[in-house]
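Single-letter residue listing:
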Amino acid sequence: MSKSSRINKSAQKKQSTLIYLGIGAAVVSAGAGGAYFYFAQRSQATKGILGAAAVIPQEAQVVMAFNTKSEPWNKLAQFGTPASQKLLGEGITKSPLNSLLVQSKTEYSRDVQPWLEGYIMTALVPNATQPQAPAATLVIAPTRDRSKSEAFLSKYREALTQQGARFTPKQYKDFTYYESPTRDPNNSVVTADIGGQYVAIATSPKLIQQAIDTYKGNYPSLAKKPIFAEIYGSANQTKIVEPLLQVYLDGEVALEFIGSQAKLNLNESAIIQSRRELDAMTLTGGTQKEGLRFEINTYLKNDNSIPLANNEAKVLNLLPQETFLLVSGVNLYQSWQSLVTQAKGNASSSQLIDQIRKGVKDATKLDLDQDILKWMNGEFAIAAIPNNQGILVSPGFGFVAIAQASDQNAAQTALNQIDKAAQSSSGLLPKGVELKQKQIGDKSVVTWSIANTNVATRGTLDNNFVFWAMGDLADTFVPKPTNSLPASSPFQILTTGLPKSNGGYFYLNMTTALTLADRLLPPEVKTNPNFTEIRAVLDAINGIAVTSTNVDSKTTRLDFLFTLKPTPGN
């Protein structure tokens, strides 16, 4: 059985396993209606991530650390509309995690809060003696009061015993643990007090024994694993103050685990490549004044051979402040070549790439790689801008593509050929496209017209940028907008705290996007119950911004900021 199969199998059993891992009740916050997870980050003793990881065997491949302080979680109540808050509450009430509180007959404030301290950590650990078996689950919760945490474990076992569990005390070296079979023949539920410092619950007695050996220093711990210690021992590990959640994925399983959670059939060659090159991935989530902030870090085993270029994008200054959707970056040619390389060995991906190349060739007579993308190794942007003129009256917006040309001659040759393709009867546009010269300020541009109506405009901007825009959209940014996107208040708010020097942006002003959607979507879609629920969530979001950054020669980071509307009264 492959590691991917083991992960999938483990993920499928997650819900039944959680039913017995009553420690989940301990990570539910009374301050958020008894249903939020908690986590914390401190450096001393058992209170920090490295402290809790000192009991987790080094083989752990997926680790989640939850903040146990109520203040960061309480900040979530500051965001969202009444409808989105209601949906969140209903989702939590129906979740398997919340059912743990009911099944184990425990309450966070009464049975857990008095002893819980620091991070609660959940880990998936492969079976050391049976590598083909599904990974077992281990939950570690540091305690500051042994008598109270032991009372919680006793109550937990008693509640499960009333539901059919049969706990038997077992001795391992000088430690006592309690084990019961479950309805799943491959899993047990095992509890232990480890040295009066940790509450441990696992799905395997072997794993509890391994955790005891790790605690005693007789088995290597995750805290001592070089990449884990490097990540969580660094003061600059995250820019998020008081993270709510931190997730660690070992490079051996990171891509497979993500694929299994998203129910994706991943390219096997990409999985093999990730195992070879990836050391670890981490996710950190928390809040800031504007909303929810997430970071995803990727750590390579060796230096990145083609590092991402960070810069304060000049291309953004070419876009008007009204821009509501943006995807930008550096070096389209390099990105395309990376896709081509990753597609090798995967028939469907290779076929798709060949189809794209053929489509471009048939429409324009140009080679996509050599004639179009090769000179696109500078900055680029694809953006959507509101506009109600000409052919854009109906949609209310149009798209523009901008690319920095390293070879102006090659760029002009390609654009001239695309002009000819637009004029041909076999082109992408209706027959009758006429090319016209137009002057906008000090810039001479080329328009594609049909019956005196401009369907597109293309031309050259400063700093070797070329562009193609729908309709008369060019009038909003040529020769240069008076008020550019980076200077606009929405952009500054929606990107608060994200790196200004980066390798690219994704930016969406949700308020503008929803206004346009209300115009375009038919009534039957807007009255659909599923859409109503989705809309309730979207209505709580002011905007989304993402940046990609090269942290160092081995580390890249994606920063996400979901800027949320404050709840009424805040």
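Computed from a prediction, not measured in an experiment: that's the story for all the values here.

Draft legend 1. Inspection of the overall build of the protein at higher detail. Within the protein one finds 20 helices and 20 strands. In the protein, which comprises 570 residues, the proportion classed as buried is 49%. Taking as baseline every contact in the protein between residues at least 6 positions apart, the subset at least 24 positions apart corresponds to 68%. By element, 54% of the accessible surface of the protein is carried by carbon and sulfur atoms, the whole surface being about 26,300 Å².

Draft legend 2. Representation of the pairing of strand β17 (residues 465-470) in the model. Of the pairings in the sheet, the one linking strand β13 (residues 397-404) to β17 comprises 5 bridges and is antiparallel in character. Pairing of valine 400 across the sheet is with alanine 469, part of β17. With 5 bridges connecting them, strand β16 (residues 453-460) and β17 associate as antiparallel partners. Bridge assignment links alanine 456 to a residue of β17, and that residue is methionine 470. The hairpin turn running from β16 into β17, its antiparallel successor, is 4 residues long, and asparagine 463 in that turn takes a positive phi close to 60 degrees.

Draft legend 3. The arrangement of unusual backbone geometry in detail. In this structure, the amide linkage connecting valine 478 to the following residue, proline 479, adopts the cis form with an omega of 5 degrees. When you line up the elements, proline 479 lands in the loop between β17 and α17 (489-494). Positive phi outside glycine occurs at asparagine 331, with the angle close to 65 degrees. Topologically, asparagine 331 is positioned in the loop between β11 (325-330) and α13 (332-343). Among the residues examined, asparagine 331 registers a relative accessible area of 15% and is labelled buried. Unlike most non-glycine residues, asparagine 463 shows phi in positive territory, near 60 degrees. Turning to its location among the elements, asparagine 463 is positioned in the loop between β16 and β17.

Draft legend 4. Quick peek at the environment of valine 330. One can find valine 330 in strand β11. Considering only alpha carbons, one finds valine 330 and alanine 309, 21 residues apart in sequence, at a separation of 7.1 Å. Excluding anything up to four places from it in sequence, valine 330 contacts Ala309, Asn311, Ser335, Gly378, Glu379, Phe380 and Gly503.

Draft legend 5. Here's a closer look at empty space enclosed by the protein. All told, the structure shown has 2 cavities of 30 Å³ or more when counted by the stated rule. Size it by volume and the second largest cavity reaches roughly 40 Å³. Surrounding the second largest cavity, Asn311, Ala313, Val315, Ser328, Gly329, Val330, Glu379, Phe380, Asn502, Gly503 and Gly504 form its lining. Elements supplying a minimum of two residues to the lining of the second largest cavity: β11 and β12 (379-386).

Draft legend 6. Local environment of the packing of α13 against helix α14 (residues 347-364). At a minimum axis separation of 8 Å, α13 and α14 run at an interaxial angle of 140 degrees. Our classification of the angle between α13 and α14 gives oblique. Where α13 crosses over α14, the handedness of that crossing is left-handed. Between α13 and α14, the contacting residues are Trp336, Leu339, Val340 and Ala343 on the first element and Ser349, Ser350, Ile353, Ile356 and Arg357 on the second. Taken together, the residues that form the contact of α13 with α14 break down as 6 nonpolar, 2 polar and 1 charged.

Draft legend 7. Spatial organisation of the nonpolar core. Core analysis: the largest hydrophobic core is formed by 37 residues, its most contacted members being Met121, Leu138, Ile194, Ile208 and Tyr248. What leucine 138 contacts, discounting residues up to four positions off in sequence, is Val55, Ile56, Pro57, Met121, Thr122, Ala123, Ala200, Ile201, Ala202, Leu207, Ile208 and Ala211. Ranked by size, the runner-up nonpolar core spans 27 residues in total, among them Leu316, Phe465, Val478 and Leu485.

Draft legend 8. Spatial organisation of the environment of leucine 278. Among the structural elements, leucine 278 can be located in strand β9 (residues 278-288). As for leucine 278 and lysine 301, which are separated by 23 residues in sequence, their C-alpha atoms are 5.7 Å apart. Contact partners of leucine 278, with chain neighbours within four places excluded, come to Gly251, Ala254, Thr298, Tyr299, Leu300 and Lys301.

Draft legend 9. Looking closely at helix α9 (residues 205-215). α9 sits mainly inside the fold: 9 of its 11 residues count as buried. Listing the buried residues of α9 in full gives Pro205, Leu207, Ile208, Gln209, Gln210, Ala211, Ile212, Asp213 and Thr214. Looking at the packing, one finds that the buried side of α9 touches β2 (120-125), β3 (136-142), β4 (168-172), β5 (175-181), β6 (188-194) and β7 (198-202). The first or second residue beyond α9 is glycine 217, which carries a positive phi of 85 degrees.

Draft legend 10. Looking closely at the pairing of β13. The buried count for β13 comes to 6 of 8 residues, which makes it a mostly enclosed element. Pairing between β12 and β13: 7 bridges, direction antiparallel. If you follow alanine 383 over to β13, its bridge partner there is valine 400.

Draft legend 11. Spotlight on the pattern of salt bridges. Taken as a whole and judged by the stated rule, the model has 22 salt bridges. Here aspartate 111 makes a salt bridge to lysine 155, at a shortest N to O gap of 3.4 Å. With aspartate 111 in helix α7 (residues 108-112) and lysine 155 in helix α8 (residues 146-161), this residue pair connects regions lying 44 residues apart in the sequence. Aspartate 111 gets classed as buried once you look at its relative accessible area, which sits at 11%. One salt bridge in this structure joins arginine 535 and aspartate 518, with 2.7 Å as the shortest N-O distance. Of the two residues, arginine 535 is situated in helix α20 (residues 529-538) and aspartate 518 in helix α18 (residues 510-520); the sequence distance between them amounts to 17 residues. For arginine 535, a relative accessible area of 16% puts it in the buried group.

Draft legend 12. Quick look at helix α12 (residues 268-277). Of the positions making up α12, those classed as buried are Ala270, Ile271 and Ser274. All buried residues of α12 lie within an arc of 100 degrees about the axis, which places them on one face of the element. Each element contacted by the buried residues of α12 is listed here: α11 (254-261) and β9.

Draft legend 13. Local environment of the packing of aromatic side chains. Enumeration over the complete set of coordinates arrives at 13 aromatic pairs. Between phenylalanine 228 and tyrosine 248 the ring centres are 4.9 Å apart and the planes differ by 80 degrees, which places this aromatic pair in the edge-to-face class. One end of the pair, phenylalanine 228, is in helix α10 (residues 226-232); the other, tyrosine 248, is in strand β8 (residues 245-250), with 20 residues separating them in the sequence. Plain terms: the ring middles of phenylalanine 397 and phenylalanine 399 are 5.6 Å apart, the flat faces sit at 80 degrees to each other, and that makes the pair edge-to-face. Of the aromatic side chains, those joined through ring pairs into one cluster are Trp115, Phe152 and Tyr156. The lysine or arginine in question, arginine 157, covers the ring of tyrosine 178, its NZ or CZ lying 3.9 Å from the ring centre.

Rules behind the numbers
Chains are numbered independently. Their residues run from 1 in the order of the written sequence. Owing to the predicted nature of the model, reporting of local features is limited to residues with pLDDT of at least 70; listing and counting of side-chain atom pairs is limited to 80 or more, with chain, interface and lining totals taken over all residues. To get the side-chain values, all heavy atoms of the structure are used, and hydrogens and water are removed first. In this description a helix means any DSSP run of H or I spanning at least four residues, a strand means any run of E spanning at least two, and both kinds are numbered starting from the N terminus. Partly exposed describes any residue whose relative accessible area lies between the buried limit of under 20% and the exposed limit of over 50%, with all areas from a 1.4 Å probe on protein chains only and scaled to the type maximum. By definition, residues are in contact when any of their heavy atoms lie within 4.5 Å. Using a 1.4 Å probe, the Shrake-Rupley method yields the accessible areas, and only the shown protein chains count as cover for residues. By this definition, two strands are paired if DSSP reports at least two bridges between them. The way it works is a 1 Å grid over only the protein atoms, where trapped points that fit a 1.4 Å probe form a cavity and open points with protein on both sides within 12 Å along at least five of seven lines form a pocket, and then any residue with an atom within 4 Å of a point lines it. Grid points are joined across faces, edges and corners, and a volume is the space filled by probe spheres set on the points. Note on geometry: axes are lines fitted to C-alpha atoms, helical ones only across the stretch in contact, with angles between N-to-C directions running from 0 to 180 degrees. The scheme is simple: roughly parallel for angles under 35 degrees, roughly antiparallel for over 145, roughly perpendicular for 65 to 115, oblique for anything else. The crossing is said to be left-handed when, going from far helix to near helix, the turn is anticlockwise and less than a right angle, and right-handed when the turn is clockwise. Here the term charged refers only to Asp, Glu, Lys and Arg, the term nonpolar to Ala, Val, Leu, Ile, Met, Phe, Trp, Tyr, Cys and Pro, and the term polar to all other amino acids, Gly among them. Take the buried residues of types Ala, Val, Leu, Ile, Met, Phe, Trp, Tyr and Cys, join any two whose side-chain atoms come within 4.5 Å, and each joined set is a nonpolar core. What makes a salt bridge here is a side-chain nitrogen of Lys or Arg within 4 Å of a carboxyl oxygen of Asp or Glu, nothing more. Working definition: the arc comes from the directions between the helix axis and the C-beta atoms, pointing outward to the latter. Aromatic rings from Phe, Tyr and Trp, taking only the six-membered ring of Trp, are treated as a pair when their centres fall within 6.5 Å; an angle between ring planes under 30 degrees marks them as stacked, one over 60 as edge-to-face, and anything in between as tilted. Criterion for a charge above a ring: Arg CZ or Lys NZ at most 6 Å from the ring centre, at most 35 degrees from the ring normal.

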